[in-house]
Amino acid sequence: MRRPSRRQVQGQTLVELMVALAIGLLVLGAVLGSFIASGKTARQQLAVAEMAENAQLGLGLISRELLLAGFSVPTGLSPSGASLTRSYAGRPVFGCKTGFESPRTVGAVVCAAAGTDALEVVYEATLNNTLSTAANLPTDCLGNGLSAVAGVRIAYNRYYVASGSTGRGELHCASRQGAGGQPLVDNVEGMTVWYGEANAASTRAVAAPTPCEAPVT
């Protein structure tokens, strides 16, 4: 029987093993780097999508409220017959550039010394423009049933930014009738409100947009 030569039975040298190991580590590192970068990109895209969804939800809520600002059920005609009379004719919108001093107060809100924009929207609440309670009462933004004052139920919904339990900013809502506020939308660091300044010659025309001042009514 022919014996194999020494060249035929010898294994890999230490240098060859180290080179192979280095090449394997480089390939593994490239794969891991690609995997980590892909995961980071996916998380960033998810965060951006969540922020856009939250912003759209918050703007949708406030836009709907602003469309109701000042609403009151007509009760009849003015003595001249030129306009409708209504039960509520108070201030429909109130805003502060520095936020509300106490958005949860039962009385009228006042502007704080510092903070981000805050907005109060006021309108007559009915079963047609709000959700109803089990007792079939119209509600405010907190879901509280509104008590009637002189036969009219008025919603005072206040929107502001505050820190949540996680320390992140949230869009909150409080009510003049409620005992406290509650978060509506997560990941909201600030809110800026712009108003349309009425034209002096024609109050229904907007002369120029103006940022929220303290106070704006």
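See the structure above.
Please read these numbers as outputs of a predicted model, since none were measured by experiment.

**Q** Please clarify how the state of the cysteines should be interpreted in this entry.
**A** By definition, a disulfide links the sulfur atoms of two cysteine residues through a covalent bond. Applying the stated criterion across every chain yields a total of 2 disulfides. Note on cysteine connectivity: C96 is disulfide-linked to C111, with sulfurs 1.9 Å apart. What sets the handedness of the C96 and C111 disulfide is the S-S torsion sign, and at about -75° it is left-handed. On the criterion of sequence distance, the pair formed by C96 in strand 3 (residues 93-96) and C111 in the loop between strand 3 and strand 4 (118-124) is long-range, its members being 15 residues apart.

**Q** Mind showing me how you'd approach a nonpolar patch on the surface here?
**A** Residues L21, L25, L28, L32, F35 and I36 make up a contiguous nonpolar surface patch of about 660 Å² in total accessible area. Summarising the element assignment, L21 is placed in helix 2 (residues 14-68). For L21, a relative accessible area of 54% translates into the label exposed.

**Q** Hey, could you run me through the sheet that holds strand 4 in this one?
**A** Within a sheet, neighbouring strands are paired by backbone hydrogen bonds and run either parallel or antiparallel to one another. The 5 strands lie next to each other as 3-4-5-6-7, forming an open sheet whose pairing is antiparallel. In this open sheet, the two edge strands, each paired with only one partner strand, are strand 3 and strand 7 (182-186). For this sheet the average axis-to-axis angle between neighbouring strands, irrespective of direction, equals 20°. Across 4 bridges, the pairing between strand 3 and strand 4 is antiparallel. Note on strand 4: the bridge partner recorded for C96 is A118. Sheet contacts for helix 2: strand 3, strand 4, strand 5 (154-163), strand 6 (169-175) and strand 7; angle to strand 4, the most-contacted strand, approximately 45°.

Rules used in this analysis
- Counting of residues starts from 1 at the beginning of each chain's written sequence and follows it residue by residue.
- Under the rules for a predicted model, residues below a pLDDT of 70 receive no local features and side-chain atom pairs below 80 are neither given nor counted, while totals for whole chains, interfaces and linings still include all residues.
- The side-chain values count all of the structure's non-hydrogen atoms but skip hydrogen atoms and water molecules.
- Only a pair of cysteine sulfur atoms within 2.5 Å qualifies as a disulfide here.
- Helix numbering and strand numbering both begin at the N terminus, where a helix is a DSSP run of H or I of at least 4 residues and a strand a DSSP run of E of at least 2.
- The patches reported here contain residues having more than 30% relative accessible area and no salt bridge. Joining distances are 9 Å for like charges and 5 Å for nonpolar side chains (Val, Leu, Ile, Met, Phe, Trp, Tyr).
- Each accessible area value is a Shrake-Rupley result obtained with a 1.4 Å probe; residue values ignore everything except the protein chains displayed when judging cover.
- Whenever Lys or Arg places a side-chain nitrogen within 4 Å of a carboxyl oxygen from Asp or Glu, that contact is recorded as a salt bridge.
- Note on classification: 1.4 Å probe, protein chains only; a residue is buried when its accessible area is under 20% of the maximum for its type, exposed when over 50%, partly exposed between these limits.
- If DSSP finds at least two bridges between two strands, the strands pair.
- Axes here refer to lines fitted to C-alpha atoms; in helices the fit is confined to the stretch in contact. Angles between the N-to-C directions go from 0 to 180 degrees.
- Note on contacts: a residue pair qualifies if any of its non-hydrogen atoms lie within 4.5 Å across the two residues.

Honestly, it's all geometry; don't read function into it.
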